[in-house]
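The primary structure of each chain is shown beneath.
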Amino acid sequence: MTSTTSQQELFRFLEDRFACAQACTECARACALRASLVDPDGTENQELVRRKGIMCAEVCDATCRVLSEQNQVDENSIRVQVEWCRTVCLEAAHVFDRQPGAEDSAAACRACARACTDFLATLN
């Protein structure tokens, strides 16, 4: 492997890590907003939307913090956190799909899941 190849891989790793952290931040914001718009005394489906929104916001926020740390977390821990985030985002997106007006939140969740997938590919 040449130093140019190594450097390109490092750049891709950092770019994908940043993109994933940024997508997590956007998703956390969208999910927190979606959860705040739901009536806490609403239907069972509304309660599910609220709970999934809160959970997704918290997981995305935690993932962003993990990705922002400088070499304080080992690669396996990062992988587990990012995989968990991807799963939670996809679950939330499916719930939001059934909620009128939640299209933007579902899209943010899917974008975050894609960014997580892209970043995981750089971890080998």
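Every value quoted in this text rests on a predicted model; they were computed, and no experiment measured them.

So, the overall build of the chain
Move 1: When helices and strands are tallied, the chain shows four helices and zero strands.
Move 2: When its helices and strands are written in sequence order, the chain yields α-α-α-α.
Move 3: Across its three principal axes, the chain shows a C-alpha extent of roughly 60 × 25 × 20 Å.
Move 4: Every one of the 124 residues in the chain was classed for burial, and the buried ones make up 39%.
Move 5: Counting only contacts in the chain whose residues sit at least 6 apart along the sequence, the fraction spanning at least 24 positions is 72%.
Move 6: When the accessible surface of the chain is summed, it comes to about 7,200 Å², and 52% of that surface belongs to carbon and sulfur atoms.
Move 7: In the chain, the 13 positive side-chain charges and the 19 negative ones have mean positions that sit 2 Å from each other.

Points about the nonpolar core
Move 1: Core analysis: the biggest nonpolar cluster contains 35 residues, and Cys56, Cys60, Cys89, Cys109 and Cys112 have the highest contact counts within it.
Move 2: When residues of this core are traced back to their parent elements, those giving at least two are helix 1 (3–37), helix 2 (44–68), helix 3 (75–97) and helix 4 (103–123).
Move 3: In contact with Cys89, not counting residues within four places along its chain, are Cys27, Cys56, Cys60, Cys109, Cys112 and Ala113.

Overview of helix 3
Move 1: Relative to the 33 Å expected for 23 residues at 1.5 Å per residue, helix 3 spans 33 Å between its end C-alpha atoms, a close match to the ideal helical length.
Move 2: Regarding helix 3, its N-cap is Asp74, as a side-chain oxygen of that residue lies 3.2 Å from the backbone nitrogen of Asn76 further along.

Considerations on the environment of Glu58
Move 1: With respect to the helices, strands and loops of the structure, Glu58 is situated in helix 2.
Move 2: Note: C-alpha distance between Glu58 and Ser6 (52 residues apart in sequence) is 34 Å.

Reading the values: rules and limits
- Residues numbered from 1 in each chain as written.
- Predicted model: local features only at pLDDT ≥ 70, side-chain atom pairs only at ≥ 80, totals over all residues.
- Heavy atoms only, no water.
- Helix = DSSP H or I, 4+ residues; strand = E, 2+ residues; numbered from the N terminus.
- Buried < 20%, exposed > 50% of the residue type's maximum accessible area, 1.4 Å probe, protein only.
- Contact = heavy atoms within 4.5 Å.
- Areas by Shrake-Rupley, 256 points an atom, 1.4 Å probe, with all protein chains shown as cover.
- Lys, Arg positive; Asp, Glu negative; His and termini not counted.
- Charge placed at Lys NZ, Arg CZ, Asp CG, Glu CD.
- Core = buried A, V, L, I, M, F, W, Y, C linked by side-chain atoms within 4.5 Å.
- Expected span 1.5 Å × (residues − 1).
- Polar contact = N/O pair within 3.5 Å; in protein donor to acceptor, adjacent residues only side chain to side chain.

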